[in-house]
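Notes for the structure review
Below, each chain spelled out in residue letters.
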Amino acid sequence: MKLISIKLKNFRQFYGETPEIAIAGGQLNTTVFHGNNGSGKTALTNGFTWVLYNRFSAAFASENQLVNKRALAEAELKEPVECQVEVCFEHDRVRYLAKRWCRAYNTKTGVEYGDSQFSLQFAREDGRWMFPQEHPEDVVARILPESLHRYFFFDGERIEQLMRNDKRSEIAQATKTLLGINAIDLGIRHLKEARKSLENNLKGIGNPETKKFLREKQRKEQELEHLERRAEEIQEELARQEELKHTLNGHLLELNGAEQLQKTRNTLEARRRELVDRIATARGDIAQVVSTKGYTVFLSDATEKFRQWVRQLRERGEFPRGIQREFVEDLLERQRCICGSDLKPGSSLFERVRGWTQKAGSADVEEAAIRTSSQIEEIDKQADSVWERLDRLQEVLRDGYEELEQVKAQLEETKTQLRDFPDEDIQQLQQRLDTVETRSQELNREIGANQQQRTTLKREITKLGKQVDQQQMNERRQLLAQRRIAATEEAIERTIAVKERFEDKFRLSLEERVQALFREISFTPYRPKLNDNYELMLVEETSGCEQLVAASTGENQILSLSFIGGIIDGVREWSQRNTLMGPDSSTYPIVMDSPFGSLDEIYRRQVAKSIPRLANQLVVLVTKTQWRGEVAEEMRDRIGCEYVLLYNSPKPDCEEDAIELHGTRYPLVRRSPNDFEYTEVIPVKK
């Protein structure tokens, strides 16, 4: 999971809609939020966990009061006030947009809250947004399981609680999910479900209620017709938006001062479309190679066994013999030897010649073996060419993705220059273009949702048609089901054995990584250990034997950070080594609220130095006192994005505060201009 941005609307201290808050990645992978206590650091951290998991941290008070107080105060009686958080993230080259929202109403008796709602959309490099076929919560859980979210989004001052005994039992299942063992568990569960289904089939299949199925089939066909008409309307509107976009681009070219920027954008847009087409073509080529030639890479064992069989025949002298069995059988049938002697059945000469039938080779076998040998050589060549072709296509994909990201960044920079252009006419044209692009994105999302509904309806219509024609199971199907049950039982046993070996190997590897990280940060002689249930404990061996250590609060914090870093590093390396082909998706962020509060100076420096290397992205929320001396010094060169949370206090005599960053003074606390409490997000300029 790679975090892209977060946006909040009327969520706790954040009044109205915040701008899109970008999250840093790449080499400068650290994002820092500066804010005083009460300014919204905990609310921002919980914004991530609320939208993705509908969960809050222990430090998050009044979980049922999410809507901003000012927004509620300004609303009329029974007028809905919406609170919403959007998180944009990327995983496995796919961009996702997760939204969660809820509404509150002012009533005569107080404020009433509705249930929260969640939606998830995804888009590939072509920019077309769609809804996933799976349940959205299941998609998020597969990327970063809910049971592990507290290890990636957490309150630094309470991080030591992650190692409590009552929490350790959750680690095993969550770690297995990140590692991908859940896929094996899913396979075992599906096999057991298949076994149960096969056993039920043996009991017989009832006849369907034909009329009921026909009525349902007709109703769904009408729904499908309505969706297809709407799909045509969307395509027409998209064409109109594209025409309007072309017209606005033309106007920009005509205005003095903006023509060069517009030409640059047109060039970049054309290049972006070329790259999207190239990536799509490469994806299709990979699918075509795998579907048509992929089987050849799995035949090496079979081809080697065939070669061994042919060699054994040659060594025993059975193949080839130089004299064929068919030739000897023809002599016996004509009862005449090649020397001219008669071969009478029962005579010694006849029996002597007939003995050659056991020694002679078969022409059909020899011919088949020769033909198969040549085909096997061709299969081996194809297997080599498959890997070479896949490597080339993966390189095309990788280069395409890298250039596409660069082009997107240049496009966004060009649009920003047009938005900030001194000429108001140019600014207005760019704003209209932004509106057109936003509308096009909305239509593309609707296309995705429409297509998903149509696919589902077609599948249901086909299923209903089959149910109408379904007949009772016959004896042959019963016998087939019994054989399938036996095969399923064997598959379950073998899959469980694979899972157990896989788990043991990863657990030992994870323990080594946790120990290495703990040694790097801590100056104590203690050593972390993982048992078979992934329960983490601290031991020391100064007396010559292992003894459990009652870890301090600081040591538990270091132990927790080491465990989180070990999981991320272990899963990342394991995935890279064990993935057959395709991009590695084992990237994970860490979002930490006040991670340095209870640490002394030495541990503060070591943690500040280590945590930017633990994950692919780091988001840190700190107070001014926490961001002092050694922390700022160690993390300064890893910062990609930086923000200040400005708290507007309604208190008449509030003590204002500020922080100096990169030579500029930024306010942290100031007197509210409207007597309401709220927080603003201010980007820090380097």
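This text follows the structure it describes.
Being a predicted model, the structure only gives us computed values, none of them experimental.

What follows concerns the packing of aromatic side chains. The tally for this structure, following the rule as stated, stands at 7 aromatic pairs. Relative to Trp309, the ring of Phe306 lies with its centre 5.9 Å away and its plane at 40°, an arrangement referred to as tilted. Linking Phe306 with Trp309, this pair stays in helix α8 (residues 300–315), spanning 3 residues, or about one helical turn. Each member of the aromatic cluster is reached from another via a ring pair, and the members are Phe89, Tyr96 and Phe122. When the ring centre of Tyr15 is taken as reference, the NZ or CZ atom of Arg70 above it lies at 3.8 Å.

A separate point is the state of the cysteines. Considering all chains together, one arrives at 0 disulfides under this definition. Considering cysteine sulfurs only, Cys102 is the nearest to Cys83, which forms no disulfide, with 4.2 Å between them. Residue classification places Cys102 among the buried residues on the basis of a relative accessible area of 4%.

Between the first and last C-alpha of helix α1 (residues 41–53) there are 18 Å, a value that for 13 residues agrees with the 18 Å anticipated at 1.5 Å per step. Among the 13 residues of α1, 12 are classified as buried, and the element is accordingly described as predominantly covered. Those residues of α1 that sit buried are Lys41, Ala43, Leu44, Thr45, Asn46, Gly47, Phe48, Thr49, Trp50, Val51, Leu52 and Tyr53.

Before going further, it helps to spend a moment on a negative patch on the surface. A cluster of acidic residues, Asp384, Glu388, Asp391, Glu395, Asp399 and Glu402, forms a negative patch at the surface. With respect to the secondary-structure elements, Asp399 resides in helix α11 (residues 363–419). Asp399 sits in the partly exposed class, given a relative accessible area of 38%.

The topology assignment puts Arg483 in helix α13 (residues 475–521). Separated by 285 residues in the primary sequence, Arg483 and Leu198 have C-alpha atoms spaced 9.8 Å apart.

Within soluble globular proteins, side chains that are nonpolar generally end up buried alongside one another. Counting residues in hydrophobic clusters, the biggest one holds 97 residues, and the most contacted among them are Phe11, Leu52, Phe89, Phe152, Ile590, Ile611 and Trp627. Ignoring any residue separated from it by four or fewer positions in sequence, one finds Phe89 in contact with Met1, Lys2, Leu3, Ile4, Leu52, Val94, Arg95, Tyr96, Ala98, Leu120 and Ile143. Membership of the second largest hydrophobic core comes to 15 residues, among which are Ala282, Leu390, Leu393 and Val407.

Attention now goes to the pairing of strand β7 (residues 110–113). Judged from the 4 bridges that link them, strand β6 (residues 94–107) and β7 form a sheet pairing that is antiparallel. Bridge pairing links Asn106 to Val111 in β7. Here β6 folds back onto β7, and the loop between the two strands holds 2 residues.

What follows deals with unusual backbone geometry. Even without being glycine, Arg12 reaches a positive phi, approximately 50°. Counting through the fold element by element, Arg12 comes out in the loop between β1 (2–11) and β2 (14–17). Notably, Arg93 is not glycine yet its phi reads approximately 70°, a positive angle. Residue placement: Arg93 occurs in the loop between β5 (81–91) and β6.

Let us look at the sheet that holds strand β11 (residues 527–530). One open sheet accounts for 3 strands, arranged β11-β12-β13; its pairing is antiparallel. The two strands at the open ends of the sheet, each matched to only one other strand, are β11 and β13 (547–548). Two elements, β11 and strand β12 (residues 536–540), share 4 bridges in a ladder whose sense is antiparallel. Of the residues in β12, the one forming a bridge with Lys529 is Met537.

Moving on to the pattern of salt bridges. Working definition: two side chains of opposite charge can pair if their charged atoms are close together. By the definition in use, this model includes 26 salt bridges. Of the charged contacts in the structure, one is a salt bridge between Glu490 and Arg494, with a shortest N-O distance of 3.1 Å. Of this pair, Glu490 and Arg494 both sit in helix α13, separated by 4 residues, roughly a single helical turn. Look at Arg494 and you get exposed, because its relative accessible area is 57%. Residues joined by salt bridges that share partners form a network here, namely Lys9, Glu82 and Arg103.

Moving on, we get to the environment of Arg671. One can find Arg671 in strand β18 (residues 664–671). Considering only alpha carbons, one finds Arg671 and Asn648, 23 residues apart in sequence, at a separation of 5.6 Å. Those residues within four positions of Arg671 in sequence are excluded, and the remaining contacts are Asn648, Ser649, Pro650, Lys651, Pro652, Cys654 and Glu656. Reaching out from Arg671, the side chain makes a polar contact with the side chain of Asp675 at a distance of 3.1 Å.

Here helix α15 (residues 601–614) contains 14 residues, and its C-alpha end-to-end distance of 20 Å stays within 8% of the 20 Å for a straight helix at 1.5 Å per residue. For α15, every residue scored as buried is listed here: Tyr603, Arg604, Gln606, Val607, Ala608, Ser610, Ile611, Pro612 and Leu614.

Looking now at the side chain of Gln626. Note that Gln626 resides in the loop between β15 (617–622) and α16 (630–635). Here Gln626 falls in the buried class, since its relative accessible area comes to 8%. A distance of 3.2 Å separates a polar side-chain atom of Gln626 from the backbone nitrogen of Thr623.

The next subject is the environment of Ile234. Relative to the helices and strands, Ile234 is located in helix α6 (residues 210–254). Since its relative accessible area comes to 0%, Ile234 is described here as buried. Expressed as a C-alpha distance, the spacing of Ile234 and Asn444, which sit 210 residues apart in the sequence, is 8.5 Å. With near-sequence residues (within four places) excluded, Ile234 lies in contact with Leu443, Glu446 and Ile447.

What counts and how
- Residues numbered from 1 in each chain as written.
- Predicted model: local features only at pLDDT ≥ 70, side-chain atom pairs only at ≥ 80, totals over all residues.
- Heavy atoms only, no water.
- Phe/Tyr/Trp six-rings, centres within 6.5 Å; stacked < 30°, edge-to-face > 60°.
- Helix = DSSP H or I, 4+ residues; strand = E, 2+ residues; numbered from the N terminus.
- Lys NZ or Arg CZ within 6 Å of the ring centre and 35° of its normal.
- Disulfide = S-S within 2.5 Å.
- Buried < 20%, exposed > 50% of the residue type's maximum accessible area, 1.4 Å probe, protein only.
- Expected span 1.5 Å × (residues − 1).
- Patch = residues over 30% accessible without salt bridge, like charges linked within 9 Å, V, L, I, M, F, W, Y side chains within 5 Å.
- Areas by Shrake-Rupley, 256 points an atom, 1.4 Å probe, with all protein chains shown as cover.
- Salt bridge = Lys/Arg side-chain N within 4 Å of Asp/Glu carboxyl O.
- Lys, Arg positive; Asp, Glu negative; His and termini not counted.
- Charge placed at Lys NZ, Arg CZ, Asp CG, Glu CD.
- Core = buried A, V, L, I, M, F, W, Y, C linked by side-chain atoms within 4.5 Å.
- Contact = heavy atoms within 4.5 Å.
- Pairing = 2+ DSSP bridges.
- Polar contact = N/O pair within 3.5 Å; in protein donor to acceptor, adjacent residues only side chain to side chain.

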